[in-house]
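# Notes for the structure review
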Amino acid sequence: MNAAEQRAPGVLLLAAVALLSAAALGYEILLTRLLAIVQWHHFAFMVISIALLGFGASGAFLLVAGERIRLSVGPFVALAALAFGVAAPACFAIAQHVPFNVLELPWSLRPLGSLFLIELLLALPFFIAATAIGRALIVFGSSLSRVYAADLAGAGGGALAAVGLLHLLPPDRTLDGLGAMAAVAAGLAALRAAHIARWTLLANAAALIVVLAVDPGWGELRISPFKPLPQALRVTGAKPAESRSGPLGLVSAVENEKVPLRWAPGLSLLARAPVPEQVALFVDADGPTAIVRHRPGSPPPAYLGDLTSALPYHLLERPRVLVLGAGGGIAVLQALGGGARSVDAVELQPDLVAITRDRYSGFSGDVYGHPTVKLHVADPRAFVEAGRGEGFDLIAVDALGASPSGLHALEEERLLTVESMRAMLARLSPHGLLAVTGWAQLPPRGGPRGFATLVDALRTEGIEPAARHLAWIRSWNTSTLVASRSPLTEARTAAVRDFARARAFDLVHVPGIEAGESNRFNVLERPWFHEAAARLLGPERERFVRGYKFDIRPATDDRPYLWSFFRWAHAPEVLALSREGGSGLLAVGYLALPVTLVQAAVASAALILVPLLLVRRRGGRSGTARRPVTLGGFFCLGLAFLMMEIAFIGRFTVILSHPLHALVVVLAAFLVFAGVGSWLAGRRGTGDSGNSGSITLPVAGIVALAAAAIAALPHLTSWLLGSSPGTRIAAAIVLVAPLATLMGMPFPRALARLRRLDPALVPWAWGVNGCASVVGAVLATLIAVHQGQAFVIAAAALLYAAAAVACGRMGRESRNREGSSRG
Amino acid sequence: MSGDAGGAQTERPAVPIVIIMDEDAATRGATVMIDRAGDDRALGTFTTLRPGGRGRTGGPLGRRAFLGAAGALALGWAGSGWSDADYAPARRGMLDAIADTTTRTAASTGVGAIDPTVMAALDRVLRHAFVPPEIEGLAYENRPLPIGHGQTISQPYIVALMTHLLALRPHHRVLEIGTGSGYQAAVLAELVDRVHTIEIVPPLARQATERLPRLGYGNVDIRLGDGYHGWPEAAPFEAIIVTAAATHVPPPLVAQLAPGGALVIPVGEPFSVQMLLLVRKGADGEVTVRQILPVRFVPLTGGH
């Protein structure tokens, strides 16, 4: 490297770094989407967490081999960007060919080998990008803050770019778009190279763009054969009819005239009416949900009245109905069949609605075009919170989307928290009902948690005694909870009993229920459901929840993991039983967390310690930076940044009411403003003295803002949910900006200080930070599932404080040592 | 009848190994099916045929014992060279595991021990002949296994429990929805005179049509099509078993259940059974439902 290069990275190179960083972050987001389609959400979580260790590995690599790299930064970044452009789509394509079945994990550790291989493959592009960025950081040491700022700002832009790509391209082409982005980065960096190298690199970048544009066909999605979509397509007579994609998922419709889908969860055993032909709808190859054949003008199919979810229609006269999560329109048809005066149908996924309304308008009897039906493509939670005016007589929520097997344990459910149910209760007319239908897992989990959540919502709304406002029935596989604003009258209670008896459904709870009334038709070894309901309504509720072997604490906005039931206290028993017919007790989705954490911890330890040992063997320098306190400081900084970020993304998912928009807006805001912070950190003063400014001040600010966030977020949530989407996004950015700006300062300042003390260890700190980020992201989710997101924010603030202490101590010790060596 | 047929399987004389590739294997481009039967009937259904191939490398029993579960895991391919007889000890191990699990779960299932005739049937069915050859070595582990086409072969304990719950007598007419590998059908065919089974995935139906007669189960009628409507021509059935995923019990199946008959459905996801649904039709036609947790588990700590 030459001296001029050390002084100034130049705009072109900063732009290249930013673009490469954007591509790397875009890769993370797109992989999340793609892996959720081909496998499951938790698999994506597991694989990407580990793949991000590519960042940590780059630090180790640069520490050990960095000095041997002869290439100057410009061509190096250009080459790396080119390599990334090829590797990003290619590694995903190769990884898809590694046979892996996540569902087998409870039975055998055999798939772990494949898992490791997949993670290794997907880590490669991250490693390449991080090595280039890391080298730029090291070489332009005196402009470190600017390079880091470009890195962060670029990453923020990458989050937005990923969503753009998902809007523009089908999922299997998005990685090609990302590769093209990296090729542009390569072109920009190449402009810094000498003549021949410049033109060679530019030609290669152009060639890569052409190849990707032509579509090498690398991205073809190979969906796990155990997912519902491939299962449905394998059935004789199945025809893939249509598929549409967007940031919210890939929606596929499957027709089958020979063996039609008959989706009727909870249909009474005594039902006589046939289930009409249906078209199956899948989101991300999961599901299905259905569109039912219906002739306009004729009454809706009678079988819909024999589902547990039909109960509220037997308690109401010509209700005004709000259907939340309307999908293919089954619940809307059910409402029409149940005598609804009007139906407001809310569905977030626009492609589900579009397919139902456009392609299957005739098939479905134009269910969304019915004169009394009003369709809203919106987030159900936001719709409920934003509403004013007249109340609904019935709000019907379908929670049958998530499969009951625990595959969705890490997914957030924003519609069925205490806060959300309160908002729904508040939108009911004086005698209105809230009805929630979900799977009746065995042993009972989701049912008792839903009931506990509803009881909490009623109590906090001052609707008591809750027992008199609640009814709960179940079939062998579904359960329907009904909450009423006014006490359930004797007539209504009698109607519940009649409805259940006539369809061989079991009463779980009605006001005044006697023990002998439950568990009569779908007989369990014990009346588990009824006992749970009785205890949850009684004085020993806390003891019951504590003593239950599954986590059935009410879901809240702070802990919206409705489907995560795992309790560590009972892990040994569940694990021991998993092979003795107890496989259904295991939540594979949850287990991804500890498995990932262990992998991350082991890999991080190796990536942090092994290079250090290697360097020491080579006769590394003495210095303060080797001391554990330095490691601790940088590790805390990495952990804290990611934990704060993840917790905020979680909270803002509720506020922004759109999972991907929340991820992208909050992530981009965090990264861009952290970039601003980093830039500011470098500007304060000049050169090293400025860079080595204390991190105590920004950390104090972070702690104060975190405390304010914990106090204010619950109030802000409900208040903001009532406002327009634009306002909410603006508010999110404004709320994140100051915190993120401060969070961008400690790392470059600490790094600059380390650079002064022991420059050889700068790449190592980059690696430590990368590893800690990975561990932090996993830890944040693990803590949030059990303790809530506010706890994660508090823990992150504490870690920042610890980092400040560590950084301060590192400085003092070094000054002493420097002093003594001078003396 | 079929008991004898099953016995004949284990004593079948040694025949050259035939390596054949089925169309699914061709699309995966990797696996090869080994068919030791050398039965010409098998050939017609496969697209590629390479006779001869590997010689019989059946290891002595001691070796199998030595390998154990971990060895079988790593050397699953090596296991595919073994003879039917070589698997007898593993099968007995599977039966022990079933008996053991049944005892442990008795409090939840109400089944203290599996009917000896069901156990004898499980002992006669060559489970390793129903799984893809590359995992043949795992066939007698007490766990579900993938069989291709996104399908699984159920955990032996669950197969035993479901079969027990059907309380079969030889004259019973039995309907199975979801043939899959054909293993459950074979177990049923060991116990009753006639089994009807319906599969909706064409390659699986074809495979079962070839496999079951080859293994001596001539008393199984296989149909490709929609199991929802049952098999009205052969109804009523004393026993119906629905191994395909169902969101509800198809009313036609309840209608085709004979008075006094039983219908059983394992409920859950691939590789994980949550519960067994047992529907009984009384002599008077009244239907009762029991939900059975196939595991010894009480959701509450203490106090019970």
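Computed from a predicted model, the values in this text were never measured in an experiment.

## Here we look at the interface of chain B and chain A
Accessible area lost during the coming together of the parts is what is often quoted as the interface size. Counting from both sides, the interface comprises 55 residues of chain B and, opposite them, 61 residues of chain A. In this assembly, chain B packs against chain A so that about 4,900 Å² is buried in total across both faces, 62% of it on carbon and sulfur atoms. Linking chain B with chain A are 3 salt bridges, by the criterion used here. With its nearest N and O atoms 3.3 Å apart, the salt bridge here joins B:Arg104 to A:Glu580. Counting the contacts that link chain B with chain A gives 22 residue pairs in polar contact (both at pLDDT 80 or more). Of all the secondary structure elements, the ones that give two or more residues to the side of chain B that touches chain A are α5 (88–109), β5 (151–153), α10 (251–255), β10 (257–269), β11 (272–281) and β12 (287–292) of chain B. Of the residues in the side of chain B that touches chain A, the class split is 31 nonpolar, 18 polar and 6 charged. Two elements, strand β13 (residues 522–523) of chain A and β12(B), share 2 bridges in a ladder whose sense is parallel. Bridge pairing in β12(B) places A:Val523 opposite B:Arg290.

## Some details on the nonpolar core
Residues A:Tyr27, A:Leu35, A:Phe84, A:Leu122, A:Leu434, A:Met644 and A:Phe648 are the most contacted members of the largest nonpolar core, which totals 264 residues. Aside from chain neighbours lying at most four places away, what touches A:Phe648 is A:Val666, A:Phe670, A:Ala709, A:Val736, A:Leu739 and A:Ile793. Listed in part, the 57 residues of the second largest apolar core include B:Ile98, B:Ile135, B:Val159 and B:Val264.

## With respect to the domain arrangement of chain A
All names here are of chain A. Looking at chain A, the domain boundaries give domain 1 (1–226), domain 2 (235–291), domain 3 (304–570) and domain 4 (596–615 + 627–815). A separation of 38 Å is found between the C-alpha centroids of domain 1 and domain 2. Buried surface at the junction of domain 1 and domain 2, summed over both partners, amounts to about 700 Å²; 61% is from carbon and sulfur atoms. Counting the surface domain 1 buries against domain 2, the share from its top three residues, Arg 33, Ile 37 and Leu 166, is 50%. The tally of links between domain 1 and domain 2 comes to 1 salt bridge. The partner of Asp 284 in a salt bridge is Arg 33, with the nearest N and O atoms 2.6 Å apart. In this structure, the connection of domain 1 to domain 2 is made through 1 residue pair in polar contact (both at pLDDT 80 or more).

## Observations regarding the packing of helix α21 (residues 628–656) of chain A against helix α22 (residues 659–683) of chain A
The description of two helices packed together rests on the angle between their axes and the distance between the axes. Residues and elements named next belong to chain A. Contact geometry of α21 with α22 gives a least axis separation of 8 Å together with a crossing angle of 140 degrees. In terms of orientation, α21 lies oblique with respect to α22. The hand of the α21/α22 crossing is right-handed. In this structure, α21 uses Phe 641, Met 644, Glu 645, Phe 648, Ile 649, Phe 652, Thr 653 and Leu 656 to contact α22, whose residues at the interface are Pro 659, His 661, Ala 662, Leu 663, Val 665, Val 666, Leu 667, Phe 670, Leu 671 and Ala 674. Here the contact of α21 with α22 is built from residues that sort into 15 nonpolar, 2 polar and 1 charged.

## Here we look at the pairing of β11(B)
In regular strands, side chains alternate between the two faces of the sheet. Residues and elements named next belong to chain B. Counting buried positions along β11 yields 9 of 10 residues, so the element is predominantly enclosed. For β10 and β11, the ladder comprises 8 bridges, and the chain directions are antiparallel. Counted as the bridge partner of Ala 262 is Arg 280 from β11. Remark: 2 residues form the turn of the hairpin made by β10 and β11, two consecutive strands paired antiparallel; Phe 271 in that turn has positive phi of roughly 75 degrees. The pairing of β11 with β12 spans 6 bridges and is antiparallel. The residue bridging Leu 278 from the neighbouring strand is Arg 290, located in β12. Count of turn residues in the β11/β12 antiparallel hairpin: 5 residues, of which Gly 285 carries a positive phi of about 90 degrees.

## Focus on the pairing of strand β11 (residues 478–484) of chain A
Residue and element names in this part refer to chain A. Taking burial as the measure, the 7 residues of β11 include 7 buried ones, the bulk of the element. Residues of β11 alternate between two faces, with Thr 478, Thr 480, Val 482 and Ser 484 on one and Ser 479, Leu 481 and Ala 483 on the opposite face, all of them buried. Judged from the 7 bridges that link them, strand β9 (residues 428–439) and β11 form a sheet pairing that is antiparallel. Residue pairing for β11: Val 436 is matched across the bridge by Leu 481. Sheet analysis places strand β10 (residues 470–474) next to β11, joined by 5 bridges and oriented antiparallel. Along β11, the bridge assignment pairs Trp 472 with Leu 481. Between the antiparallel neighbours β10 and β11 lie 3 residues.

## Side note on the packing of α21(A) against helix α26 (residues 746–757) of chain A
All names here are of chain A. Closest axis-to-axis distance for the α21/α26 pair is 10 Å, and the angle between their directions is 160 degrees. One finds that α21 runs roughly antiparallel with respect to α26. Seen from above, α21 lies across α26 with left-handed handedness. Side by side, α21 and α26 meet where Thr 630, Phe 634 and Leu 637 of the first sit next to Pro 746, Phe 747, Ala 750, Leu 751 and Leu 754 of the second. Taken together, the residues of the contact of α21 with α26 sort by class into 7 nonpolar, 1 polar and no charged.

Rules of the game
Residues numbered from 1 in each chain as written. Chains lettered and ligands numbered in written order. Predicted model: local features only at pLDDT ≥ 70, side-chain atom pairs only at ≥ 80, totals over all residues. Heavy atoms only, no water. Contact = heavy atoms within 4.5 Å. Buried area = accessible area lost by both parts, 1.4 Å probe. Salt bridge = Lys/Arg side-chain N within 4 Å of Asp/Glu carboxyl O. Polar contact = N/O pair within 3.5 Å; in protein donor to acceptor, adjacent residues only side chain to side chain. Helix = DSSP H or I, 4+ residues; strand = E, 2+ residues; numbered from the N terminus. Nonpolar A, V, L, I, M, F, W, Y, C, P; charged D, E, K, R; others polar. Pairing = 2+ DSSP bridges. Core = buried A, V, L, I, M, F, W, Y, C linked by side-chain atoms within 4.5 Å. Buried < 20%, exposed > 50% of the residue type's maximum accessible area, 1.4 Å probe, protein only. Domains from an automatic or database assignment. Axes fitted to C-alpha atoms, helices over the stretch in contact; angles between N-to-C directions. Parallel < 35°, antiparallel > 145°, perpendicular 65-115°, else oblique. Left-handed = near helix turned anticlockwise from the far one by under 90°.

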